[in-house]
Amino acid sequence: MDTRTADGRLAAWIFELPVVELRAGYRAAVYFDRSRRILAAEGDDTEVTIQVFQRADGMVACGIDEALAVLALGAGSFRDPAAADAAFAAYLAARDAARQARSRGDAWVAGVRAQVEAEAAFDRHWLPAASGQLRVSALRDGDRVDTWEPVIELTGPYRLVAHLESVYLGVLARRTLVASNVRQVVDAAGGKPVLFFADRFDHWATQGGDGYAAFVGGAQGVATDAQAAWWGERGLGTIPHALIATFGGDTVAAVAAFARQFPGVPLIALVDFDNDSVATSLACARAFGERLWGVRLDTSGTMVDRALWSEMGDFAPTGVNRRLVEKVRQALDAEGFDHVRVIVSGGFTAERIAAFEATGVPVDSYAVGSSLLKGSADYTADVVLREGRPCAKVGRVHRPSTRLQPVDLTAHSGAEAPV
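Bear in mind that the values here come from a model prediction, so they are computed numbers and not experimental data. (Residues numbered from 1 in each chain as written. Predicted model: local features only at pLDDT ≥ 70, side-chain atom pairs only at ≥ 80, totals over all residues. Heavy atoms only, no water.)

## Side note on the sheet that holds strand β5 (residues 135-138)
Stated precisely, the cut-off is as follows: Only strands joined by at least two bridges in the DSSP assignment are considered to pair. Strands here mean DSSP runs of E at least two residues long; helices mean DSSP runs of H or I at least four residues long; both are numbered from the N terminus. Should any heavy atoms of two residues lie within 4.5 Å, those residues are counted as being in contact. To define axes, lines are fitted to C-alpha atoms, for helices over the stretch in contact only, and angles between the resulting N-to-C directions are given on a 0 to 180 degree scale.
Taken together, the six strands give an open sheet; going across it, the order is β15-β14-β1-β7-β5-β16, and neighbouring strands pair in antiparallel fashion. With partners counted over all chains shown, the strands left at the sheet margins are β15 (389-390) and β16 (405-407), one partner each. Its contacts with the sheet place helix α6 (residues 165-189) against β1 (47-54), β7 (152-157) and β14 (379-386), and it is angled at close to 130° to β14.

## Quick word on the environment of Thr-410
Selection rule: For every residue, the accessible area (1.4 Å probe, protein chains only) is compared with the maximum for its type, and the residue is labelled buried under 20%, exposed over 50%, or partly exposed between those bounds. Here a polar contact is recorded for every N or O atom pair within 3.5 Å, except that within protein the pair must consist of a potential hydrogen donor and a potential acceptor, and residues adjacent in sequence are included only if both atoms are side-chain atoms.
With respect to the secondary-structure elements, Thr-410 resides in helix α14 (residues 410-413). Judged by its relative accessible area of 46%, Thr-410 falls in the partly exposed class. A polar contact of 2.5 Å, which involves the side chain of Thr-410, links it to the side chain of Asp-408.

## A few points about the pattern of salt bridges
Applicable threshold: Salt bridge, as used here, is a side-chain nitrogen of Lys or Arg placed within 4 Å of a carboxyl oxygen of Asp or Glu.
Enumeration over the complete set of coordinates arrives at 29 salt bridges. When the shortest N-O distance is used, the salt bridge between Asp-33 and Arg-37 registers 2.9 Å. Of the two residues, Asp-33 and Arg-37 both sit in helix α2 (residues 30-42), four residues apart, roughly one turn of that helix. Relative accessible area serves as the criterion here: at 11%, Asp-33 is assigned to the buried category. Looking at Arg-37, the relative accessible area reads 29%, which means it is partly exposed.

## A few points about the packing of aromatic side chains
Aromatic rings in a pair are described by how distant their centres are and how their planes are angled relative to each other. The condition that has to hold: Note on ring pairs: Phe, Tyr and Trp rings are taken, using the six-membered ring of Trp, and paired if centres are within 6.5 Å. Classes follow the plane angle, with under 30 degrees stacked, over 60 edge-to-face and the rest tilted. Here, a charge over a ring means that NZ of Lys or CZ of Arg falls within 6 Å of the ring centre while also lying within 35 degrees of the ring normal.
Here the structure, examined in full by the defined rule, presents 13 aromatic pairs. Centre to centre, the rings of Phe-15 and Trp-230 are 5.0 Å apart; their planes meet at 85°, and the pair counts as edge-to-face. Of this pair, Phe-15 sits in the segment before α1 (19-24) while Trp-230 is found in the loop between α8 (225-228) and α9 (241-246), placing the two residues 215 residues apart along the sequence. Exposure remark for Phe-15: the relative accessible area of 7% places this residue in the buried category. An aromatic cluster of at least three residues, connected via ring pairs, comprises Tyr-26, Phe-78, Phe-88, Tyr-91, Phe-122 and Trp-126. If you follow Arg-102 out to its NZ or CZ, it ends over the ring of Trp-108, 4.0 Å from the centre. The lysine or arginine in question, Arg-352, covers the ring of Phe-348, its NZ or CZ lying 3.8 Å from the ring centre.

## Overview of the pairing of β1
By the criterion of burial, β1 is predominantly enclosed, with seven of the eight residues buried. Relative to β7, β1 runs antiparallel, the two being bridged by six bridges. The residue bridging Gln-51 from the neighbouring strand is Glu-153, located in β7. Sheet topology note: the β1/β14 ladder contains seven bridges and is antiparallel. In the strand pairing of β14, Thr-49 is matched with Leu-385.

## Digging into the layout of surface pockets
Operational definition: A cavity here means a set of points on a 1 Å grid, drawn over the protein atoms and nothing else, where a 1.4 Å probe fits but cannot get out; a pocket is an open set with protein on both sides within 12 Å along at least five of seven lines, and a residue lines either one if it has an atom within 4 Å of a point. Grid points are joined across faces, edges and corners, and a volume is the space filled by probe spheres set on the points. Think of it as three bins: nonpolar holds Ala, Val, Leu, Ile, Met, Phe, Trp, Tyr, Cys and Pro, charged holds Asp, Glu, Lys and Arg, and polar takes everything else, Gly as well.
Reported here for the second largest pocket is a volume of approximately 880 Å³. Leu-195, Phe-197, Arg-296, Ser-345 and Ala-367 are the residues nearest the centre of the second largest pocket, which is lined by 35 residues in total. No other element matches strand β13 (residues 365-368), which puts three residues into the lining of the second largest pocket. In terms of residue class, the lining of the second largest pocket is made up of 16 nonpolar, 12 polar and seven charged.

## Examining the packing of helix α11 (residues 277-288) against helix α12 (residues 322-334)
Selection criterion: Just so you know how the angles are binned, under 35 degrees is roughly parallel, over 145 roughly antiparallel, 65 to 115 roughly perpendicular, and the rest oblique. With the far helix as reference, a near helix turned anticlockwise by less than a right angle produces a left-handed crossing, and one turned clockwise produces a right-handed crossing.
At a closest axis distance of 9 Å, the pairing of α11 and α12 adopts a crossing angle of 30°. As judged from the angle between their axes, α11 and α12 are roughly parallel. Both α11 and α12 take part in a crossing whose hand is right-handed. On α12, the residues that touch Ser-277, Val-278, Ser-281, Leu-282 and Ala-285 of α11 are Leu-324, Lys-327, Val-328, Ala-331 and Leu-332. A class-by-class count of the residues in the contact of α11 with α12 yields seven nonpolar, two polar and one charged.

So, in structure tokens, the structure goes:
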């Protein structure tokens, strides 16, 4: 299936949007949906221009294609609002019944069929925004943006899009946060591969979008297939501590089992299970030779690796630190295992990576997790023009931009509503 539109943006189907819920206003802050209903009841088609921006410099814009899909699939109005409300209530009941059937092992297929039929019944009350009613221009995912710079500009009747503001702003905020955090880490790593291993630090439903944002930010790999799906790749990784424990704490045995079952995957040994990363790295290198692609150090920040017990006193010895990495590298090189790469993980941030790189710590790759989900990248959408003339809250103005590119929403909207 095509994953891109003709102008190179991600296709709308990639995002798994809850289209019926978007159109119904179910995902909107109530005051946005009520605004939509007020304007529809008043027959108000006043044309406004909305600009979307955030308030920090040097951010990596992301979520733009997803926001455009929200607009393309969610912009419009109801032929009969009361009938649409009733149809949506029927949809929610059918959706919940299908979920219950799945969890109970009942007639799940019949439940899903009923849910789809309820979606189609709701869509018969929906009138998508007509071609030309909405004029949109936008930046691209991955563009650098600064404070107040518009990333999307939208012109058309507000009643067609009011109920979507919560959704597209949230999409932009989340994706930009992750992409910007990853770009900071990638820049700090100075060209060394960065792996996005943040799957365990947030809700599973965020994986697809977070993984794509990490890719936009420059990550070269992710942990799960879901994180890689939007950009057509697969997850990376070898063994967790739990597998080593299952093999009685024998790291070599666990790595050997992985090598037998996944012969085509680069072999990376996790070497801190016994808190003796030098000895375990050497044991794996001796056992697997050229087959061993790398070793990963993941020593807890509350532990001091056995290799450092005789050297403590003039550096912070806990976790994965410069001296531990140096000792692993030196031990591998001394026995001719210079082909084995050293990957580090465990609490790494852009600042910590920059410090490693500034002092020449012999790391080949960084696996980073929770720090990439922290911070904020909040967006705001403001009406700045009314019928082409300035009309914004105090402190807001229309900001012309030569960087915004026209967008054809029909390229994202797909087929007509069911009839």
